[in-house]
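Chain residues, written in single-letter form:
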Amino acid sequence: MDIKLEKKPWYIRYRYYLAGGVAFCAFLVYVIILSAGPRKLRIERDNIQIAEVRQDKFMEYVDVEGLVQPILTIKVNAREAGSVLRIVGEEGSLLKQGDTILVLENPDLLRDIEDQQDEWEKQLVTYREKEIEMQQQSLTLRQQALETDYELAKLRRTYELEQEEYNMGIKSRAQLQVAEDEYRFKEKTARLQRESLRHDSVMSLIQRDLLQADRERERKKYLRSRRRLADLVVHAPIGGQLSFVGVTPGQQVQSGESIGEIKVLDQFKVHTSLSEYYIDRITTGLPATILYQGKRYPLRITKVVPEVKDRLFDVDLVFTDDMPDNVRVGKSFRVQIELGQPEDAVVIPRGNFYQATGGQWIYRLNEDGTRARRVPLTIGRQNPQQYEVTDGLQPGDRVIVTGYDSFGEAEELVIK
């Protein structure tokens, strides 16, 4: 007898297909949840550096490398043209003011000086002749005046005698008139000669002063030519180290040409270059320090060159107190230039997060330190050790400051 088989329900017949469909849907939901939720990345704690956000003193300063240079460098120039006869000063030697550096020779200059000397001697003879001529002229005028006075005195006595004889009736009126006219004429002549002698005396004084001025002018001109001969020997204008001599024996040197350099070693300066980012904040007078062998040495900015080259500008500093014992030209030190006074601020240590995020965000840890999520922040000022946080973090927060090169775009970090 046949047994009638009952037909199984559809969910029994297709149970394997239904189970597969449910599993596939669950997988899709999982993938969607993962893609919609924050991207996570598992990292090792040893591969990161964790720092605490603190309320602390913040001082903005710049840490750069400075090079020791002499406080002053003097260019040595040739005052006269000529060829180098011999070099006396050696490069690197210490010179005193007035020490000989090199000797030049110039035959043309020697001939010019000899011609000038001959001209000066001729001028001296000419000036002496003019003085003798003036003296003779004055003597002649004085002699003429003396003779006129003598003749005038004789005529006065003759006139007085004629006048007495006229009164006595011995001489006529006409004879008396002739004697009087002759006396009056001689009297006027004497006055003119005396006046001429006074004028001659005044003119003699003026001419003598002019001659003296001309002679002094020619004398100075001759002495200047003699000094040109002395300028063929180049001396050190100041004491210091002769850093280099830029000529060789036999070389022709022009007047005013630079032939060497002297470095003044009485005091030193520190030269450095800063980024153009600081050009508006660096001014003369700003303090700075050098930390060397555990001791700080103060400096002060004395010169700021505003010209920017290769995004850098130059700054010179000098020591304001003691300086390290081993300061030498060419030695380098780390210089900290202060840009302000210490102020209270929220700070975090420097790290490569700033380069990776542009200072726009950072990973902040949760309370148990097992996870870290991105949080936005705002960075203010900075120095070589710290960043100032103006918004986004609070004192006591812990953040990750290194390792950002391997984090990618992860929104959350799981720390193992």
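Since we're looking at a predicted model, the values are computed, not measured.

Criteria and thresholds
- Residues numbered from 1 in each chain as written.
- Predicted model: local features only at pLDDT ≥ 70, side-chain atom pairs only at ≥ 80, totals over all residues.
- Heavy atoms only, no water.
- Helix = DSSP H or I, 4+ residues; strand = E, 2+ residues; numbered from the N terminus.
- Buried < 20%, exposed > 50% of the residue type's maximum accessible area, 1.4 Å probe, protein only.
- Contact = heavy atoms within 4.5 Å.
- Areas by Shrake-Rupley, 256 points an atom, 1.4 Å probe, with all protein chains shown as cover.
- pLDDT = per-residue confidence, 0-100.
- Pairing = 2+ DSSP bridges.
- Axes fitted to C-alpha atoms, helices over the stretch in contact; angles between N-to-C directions.
- Patch = residues over 30% accessible without salt bridge, like charges linked within 9 Å, V, L, I, M, F, W, Y side chains within 5 Å.
- Salt bridge = Lys/Arg side-chain N within 4 Å of Asp/Glu carboxyl O.
- Lys, Arg positive; Asp, Glu negative; His and termini not counted.
- Charge placed at Lys NZ, Arg CZ, Asp CG, Glu CD.
- Phe/Tyr/Trp six-rings, centres within 6.5 Å; stacked < 30°, edge-to-face > 60°.
- Lys NZ or Arg CZ within 6 Å of the ring centre and 35° of its normal.
- 1 Å grid on protein atoms, 1.4 Å probe; cavity = no way out; pocket = protein on both sides within 12 Å on 5 of 7 lines; lining within 4 Å.
- Points joined across faces, edges and corners; volume = space filled by probe spheres on them.
- Nonpolar A, V, L, I, M, F, W, Y, C, P; charged D, E, K, R; others polar.

This brings us to the overall build of the protein. The helix and strand tally for the protein stands at five helices and 22 strands. For the protein, with 416 residues in total, the buried portion stands at 32%. Intrachain contacts of the protein at a sequence separation of at least 6 include 76% that bridge at least 24 residues. Just so you have it, the protein exposes about 27,100 Å², and 51% of that area is on carbon and sulfur atoms.

Put simply, the protein has an average pLDDT of 80, and 82% of its residues get 70 or more. Here helix α1 (residues 10-13) stands out as the least confident element of the protein, with mean pLDDT 56; strand β14 (residues 312-319) is the most confident, with 92.

Turning our attention to the sheet that holds strand β3 (residues 54-58). Taken in spatial order, the four strands of this open sheet run β3-β16-β20-β19, and their pairing is antiparallel. Of all the strands in the sheet, just β3 and β19 (378-382) have a single pairing partner and so form its edges. Within the sheet, the average angular offset between the axes of one strand and its neighbour, ignoring direction, is 60°. Alignment of β19 against strand β20 (residues 386-391), held across three bridges, turns out to be antiparallel. Bridge assignment links I379 to a residue of β20, and that residue is V389.

Moving on, we come to unusual backbone geometry. Within the chain, Q293 stands out as a residue other than glycine whose phi angle is a positive 55°. Here Q293 shows up in the loop between β12 (287-292) and β13 (295-304). In this structure Q293 comes out as exposed when scored by relative accessible area, which is 71%. Its identity as a non-glycine residue notwithstanding, D310 has a phi of 55°, on the positive side. Inspection of the secondary structure puts D310 in the loop between β13 and β14. By relative accessible area, which is 74% here, D310 ends up exposed.

A word on the sheet that holds strand β7 (residues 100-105). Taken in spatial order, the four strands line up as β8-β7-β5-β10 in an open sheet, and their pairing is antiparallel. Bordering the open sheet on either side are β8 (233-235) and β10 (252-253), each of which pairs with just one other strand. Across two bridges, the pairing between strand β5 (residues 82-87) and β10 is antiparallel. Its bridge partner being in β10, S83 is matched across the sheet by Q252.

Another aspect to go through is a negative patch on the surface. On the surface, D112, E114, D115, D118, E119 and E121 cluster together into a negatively charged patch. Counting through the fold element by element, D118 comes out in helix α3 (residues 107-168).

Counting across every chain of the model gives ten aromatic pairs. Judged by centre distance (6.2 Å) and plane angle (50°), the ring pair of F353 and Y404 falls under tilted. Of this pair, F353 sits in helix α5 (residues 353-357) while Y404 sits in the loop between β21 (398-400) and β22 (412-415); the two residues are 51 residues apart in sequence, bridging distant segments of the chain. Judged by relative accessible area, which is 0%, F353 ranks as buried. By relative accessible area, Y404 is classed as buried at 5%. Among the aromatic residues, those joined into a cluster by ring pairs are F353, Y354, W361, Y363, Y387, Y404 and F407. Directly above the ring of F333 sits K331, whose terminal nitrogen or CZ lies 5.5 Å from the centroid.

Next up on the list: the pairing of β13. One ladder, built from six bridges, connects β12 with β13; its direction is antiparallel. The residue of β13 that forms the bridge with A288 is L299. The hairpin formed by β12 and β13 contains two residues between the paired strands, and Q293 there has a positive phi angle of roughly 55°. Relative to β14, β13 runs antiparallel, the two sharing five bridges. Bridge pairing in β14 links K303 to D316.

So, about the layout of surface pockets. Here the idea is plain: a probe the size of a water molecule rolls over the atoms and shows the empty space left. The space that makes up the largest pocket amounts to roughly 200 Å³. As for the largest pocket, its lining consists of V76, N77, A78, R79, A230, D231, V233, V234, H235, A236 and P237. Within the residue set of the lining of the largest pocket, elements represented by two or more residues are β4 (61-77) and β8. With three residues, β8 is the single largest residue contributor to the lining of the largest pocket. The residue makeup of the lining of the largest pocket, split by class, is seven nonpolar, two polar and two charged.

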